[in-house]
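Here is what each chain is made of, one letter per residue.
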Amino acid sequence: MLVLFETSVGYAIFKVLNEKKLQEVDSLWKEFETPEKANKIVKLKHFEKFQDTAEALAAFTALMEGKINKQLKKVLKKIVKEAHEPLAVADAKLGGVIKEKLNLSCIHSPLVNELMRGIRSQMDGLIPGVEPREMAAMCLGLAHSLSRYRLKFSADKVDTMIVQAISLLDDLDKELNNYIMRCREWYGWHFPELGKIISDNLTYCKCLQKVGDRKNYASATLSELLPEEVEAEVKAAAEISMGTEVSEEDICNILHLCTQVIEISEYRTQLYEYLQNRMMAIAPNVTVMVGELVGARLIAHAGSLLNLAKHAASTVQILGAEKALFRALKSRRDTPKYGLIYHASLVGQTSPKHKGKISRMLAAKTVLAIRYDAFGEDSSSAMGVENRAKLEARLRTLEDRGIRKISGTGKALAKAEKYEHKSEVKTYDPSGDSTLPTYSKKRKIEQVDKEDEVVEKKAKKAKVKIKVEEEEEVVEVEEDVVEVVEEQETSVKKKKKKDKKKHIKEEPLSEEEPCTSTASASPEKKKKKKKKRVNED
């Protein structure tokens with residue numbers, strides 16, 4: 001039995017010396033522990049070496065596609081047909097092609113796989129004339145070439161130019177803004193009204209370059225740069241301007257700055273056209289999906305088109321918003337919904353409540369377009385146009401709030417009843433926020449009347465208390481008088497009998513006084529009881 005063994009250096013055909021030992025598949029690896037044992041099992045019969053990496057790549061690409069290379073066909077016709085022995089092959093598909101085209105019997109089984117594994121482990125000892133360093137170099141070169149072929153990578157698609165162009169474009173925008181602001185502020189001291197009349201920066205600089213001093217506006221013709229109405233307004237403003245006079249040297253420096261602004265703006269337009277052409281050549285589908293500027297910024301942010309193709313859709317969606325993402329994760333808040341992709345036209349024309357949903361869908365379709373541009377063979381933008389049309393249709397359905405059928409044509413609107421929420425809606429009561437009592441006007445008036453009545457009652461109670469206290473004081477005084485009278489009566493009895501008549505005349509007077517006091521006290525007590533009952537009621 002013969003064995004076909006493919007290496008990065010060339011084709012090798014081995015002759016099996018002892019087929020009895022191949023019957024035990026589980027213990028076959030023991031026969032390949034050392035090169036000496038391996039040489040007792042198999043022996044090299046023929047070795048066809050590749051001349052360079054290109055030839056090796058052509059041979060292996062043919063093997064991967066299930067085809068026979070010309071070089072392999074010659075070797076098989078020359079050696080295997082003459083031997084009239086079956087051929088052991090590692091790939092069953094390749095064995096079928098060899099059997100069909102060359103009419104050779106091929107074998108593919110688990111035993112053959114173990115045999116191939118043993119030959120690969122002792123390849124340096126079984127193939128003489130090939131150094132290990134040369135074998136490693138050929139393996140590395142073939143791996144790079146094969147991976148480049150499998151990924152359909154083209155050296156013409158150099159995305160470094162896009163990265164540099166978009167970076168330069170951003171730098172030019174910053175410089176232009178600084179120069180134009182300086183020019184407007186500088187010339188504004190001489191002719192401040194011109195900045196309010198002409199809003200376009202490039203037209204402003206061209207007018208300065210053509211006219212210069214404010215006095216020359218009356219005789220200058222600006223019909224090439226400005227419409228007639230604006231030109232008349234500029235000339236009228238120049239005659240009554242409030243600006244200060246400047247020297248010719250100042251005007252020369254301002255005009256030199258204007259020429260710089262004009263040159264930089266013209267170069268920026270050229271650079272933008274160059275960027276458009278490069279983007280359509282390298283990433284046409286991405287350009288259709290998100291535009292030239294957004295696509296170029298995504299490539300520049302990732303480093304290259306291949307690096308961008310390795311990113312997931314969720315990563316592409318928030319690419320450019322890393323600071324906001326980590327800040328949200330740190331503070332446990334909502335993460336951002338979009339990054340650089342926010343500036344795409346599809347996201348810009350969406351309503352605010354649908355921006356997050358559209359940006360997620362756009363990122364998913366953009367990742368497909370990026371991978372197609374990076375690894376695909378075709379350079380057409382058909383896929384991008386198709387996906388953009390789907391996104392626009394989805395956007396219209398979101399804006400119209402239409403529910404479409406999933407199955408069928410998808411054109412007819414599905415019939416759905418209007419949803420009505422029947423549960424009770426609890427509204428927020430703001431009265432609990434304020435500690436001050438809130439009443440209506442009628443209640444306020446009633447409350448004020450009640451408060452007045454309460455005040456009047458309190459005043460009446462106070463007056464009644466004062467009267468009661470005065471009456472109690474009067475009663476106490478009368479009781480003291482009665483005690484004094486009684487003492488006088490006891491002293492009078494001890495006096496002489498001569499004075500009895502006098503005291504008898506005085507006694508009725510003294511007795512009448514306590515009677516009147518007691519009589520006066522009894523109605524007063526009745527009055528107190530009545531007042532207490534009234535107060536209690």
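Here, every reference points to the structure presented above.
Just so you know, these numbers come straight off a predicted model, no measurement behind them.

Conventions adopted
- What you see as residue numbers is a count from 1 along each chain, following the sequence as written.
- The predicted nature of this model means local features are confined to residues of pLDDT at least 70 and side-chain atom pairs, given and counted, to a pLDDT of 80 or more, with totals for whole chains, interfaces and linings taken over all residues.
- Values shown for side chains rest on all heavy atoms present in the structure; no hydrogens or waters enter the calculation.
- Patch definition: residues above 30% relative accessible area lacking any salt bridge, with like charges linked at up to 9 Å and the nonpolar side chains Val, Leu, Ile, Met, Phe, Trp and Tyr linked at up to 5 Å.
- Method for areas: the Shrake-Rupley scheme with a 1.4 Å probe, in which residue coverage is limited to the protein chains shown.
- Between Lys or Arg on one side and Asp or Glu on the other, a salt bridge is scored when a side-chain nitrogen of the former is within 4 Å of a carboxyl oxygen of the latter.
- Two residue types count as positive, namely Lys and Arg, and two as negative, namely Asp and Glu; His and chain ends fall outside the count.
- To locate a charge, take NZ of a lysine, CZ of an arginine, CG of an aspartate or CD of a glutamate.
- Comment: elements are numbered from the N terminus, with helices defined as DSSP H or I runs of at least four residues and strands as E runs of at least two.
- When DSSP locates at least two bridges between a pair of strands, those strands are taken to pair.
- To estimate how far a helix should extend, the number of its residues minus one is multiplied by 1.5 Å.
- When accessible area is computed with a 1.4 Å probe and restricted to protein chains, residues below 20% of their type maximum are described as buried, those above 50% as exposed, and intermediate ones as partly exposed.
- The contact criterion used throughout is that any non-hydrogen atoms of two residues lie within 4.5 Å.
- Nonpolar cores were defined as sets of buried Ala, Val, Leu, Ile, Met, Phe, Trp, Tyr and Cys residues, with membership established by side-chain atoms within 4.5 Å.
- Axes, fitted as lines to C-alpha atoms, cover a helix only where it is in contact. Angles between the N-to-C directions of the axes lie from 0 to 180 degrees.
- Any angle that falls under 35 degrees is termed roughly parallel, while one over 145 is termed roughly antiparallel, one within 65 to 115 roughly perpendicular, and all others oblique.
- Left-handed describes a crossing whose near helix is turned anticlockwise from the far helix by less than a right angle; the clockwise case is right-handed.
- For the purposes of these results, a polar contact is taken to be a pair of N or O atoms within 3.5 Å, where, inside protein, one atom must be able to donate a hydrogen and its partner to accept one; residues adjacent in sequence count only when each atom of the pair is a side-chain atom.

Undergrad: Would you explain a positive patch on the surface in this entry?
TA: A contiguous patch of positive charge, built from Lys457, Lys458, Lys460, Lys461, Lys463, Lys465 and Lys467, is present on the exposed surface. Tracing the chain through its elements places Lys465 in helix 21 (residues 441-494).

Undergrad: In this structure, what is going on with the environment of Thr315? I would like to understand it.
TA: In this structure, Thr315 sits in helix 16 (residues 313-317). Spatially, the C-alpha atom of Thr315 lies 10.0 Å from that of Ala364, the residues being 49 residues apart in sequence.

Undergrad: How should I be thinking about the sheet that holds strand 2 (residues 10-16) in this particular structure?
TA: Paired through their backbone hydrogen bonds, the strands of a sheet run either parallel or antiparallel. The strand order across the open sheet built from five strands is 3-2-1-4-5, with neighbouring strands paired in mixed fashion. The open sheet is flanked by strand 3 (42-49) and strand 5 (106-107), the only strands paired with a single partner. Here strand 2 pairs with strand 3 via seven bridges, running antiparallel. Each residue of the ladder has a partner; that of Ala12, found in strand 3, is Phe47.

Undergrad: Looking at this structure, I do not really get helix 2 (residues 53-64). What am I missing?
TA: Quick reminder: α-helices carry 3.6 residues per turn. Residues three or four places apart thus point the same way. End to end, helix 2 covers 16 Å across twelve residues, agreeing with the expected 16 Å (1.5 Å per residue, within 8%). Those residues of helix 2 lying buried are Ala56, Ala59, Phe60, Thr61, Ala62 and Leu63. Looking one or two places after helix 2, you find Gly66, whose phi comes out positive at around 80°.

Undergrad: What's the story with a nonpolar patch on the surface in this structure? I'm lost.
TA: Taken together, the side chains of Val158, Met161 and Tyr274 define a hydrophobic patch exposed on the protein surface, amounting to about 240 Å² of accessible area. Here Val158 shows up in the loop between helix 7 (132-150) and helix 8 (160-188). Judged by relative accessible area, Val158 falls into the partly exposed class, the value being 31%.

Undergrad: Help me understand the environment of Leu87 in this model?
TA: In this fold, Leu87 is placed in strand 4 (residues 87-88). Residue classification places Leu87 among the buried positions, given a relative accessible area of 0%. Taking the C-alpha atoms as reference points, Leu87 and His108, 21 residues apart in sequence, are found 8.9 Å from one another. The residues contacting Leu87, other than those within four sequence positions of it, are Leu2, Val3, Leu4, Leu76, Val80, Ile98, Ser105, Cys106 and Ile107.

Undergrad: Honestly, the nonpolar core in this entry has me stumped. Any pointers?
TA: Most often, soluble globular proteins keep nonpolar side chains buried together rather than apart. Among the nonpolar cores identified, the biggest contains 65 residues, and Tyr187, Leu194, Leu208, Tyr217 and Leu362 are the most heavily contacted of them. When residues in this core are grouped by element, the largest group, eleven residues, is from helix 12 (residues 248-282). Apart from the residues within four sequence positions on either side, Leu362 is in contact with Met289, Val290, Ile341, Ala344, Leu346, Val347 and Leu391. If you look at the next biggest cluster of nonpolar residues, it comprises 24 residues, including Val3, Val16, Leu28 and Met135.

Undergrad: Whenever I open this one, helix 5 (residues 110-121) confuses me. Can you help?
TA: Compared with an ideal rise of 1.5 Å per residue, which puts twelve residues at 16 Å, helix 5 spans 17 Å between its outermost C-alpha atoms and is within 8% of the ideal. Contact partners of the buried residues in helix 5: strand 1 (2-6), strand 2, strand 3, strand 4, strand 5 and helix 6 (123-126).

Undergrad: Sorry, what's going on with the packing of helix 8 against helix 14 (residues 292-302) here?
TA: When two helices pack together, you describe them by how their axes are tilted relative to each other and by the distance separating the axes. Direction vectors running N to C along helix 8 and helix 14 enclose 115°, while the axes themselves pass 9 Å from each other. Put simply, helix 8 runs roughly perpendicular to helix 14. Seen from above, helix 8 lies across helix 14 with left-handed handedness. Together, Ile162, Val163, Ile166, Leu169 and Asp170 of helix 8 and Leu293, Ala296, Arg297, Ile299 and Ala300 of helix 14 make up the contact between the two elements.

Undergrad: What am I meant to see in the side chain of Gln122 here?
TA: Take Gln122: it is sitting in the loop between helix 5 and helix 6. Judged by relative accessible area, Gln122 falls into the buried class, the value being 14%.

Undergrad: Got a minute to help me understand the side chain of Asp373 in this structure?
TA: The topology assignment puts Asp373 in helix 19 (residues 355-375). Polar contacts involving the side chain of Asp373 include one to the main-chain amide nitrogen of Val286, which spans 3.1 Å.

Undergrad: Help me out: how do you make sense of unusual backbone geometry in this one?
TA: Trans peptide bonds make up the majority, and among non-glycine residues the majority have a negative phi. Residue Arg332 is not a glycine yet carries a positive backbone phi of 60°. Of note, Arg332 is situated in the loop between helix 17 (322-331) and helix 18 (345-348).

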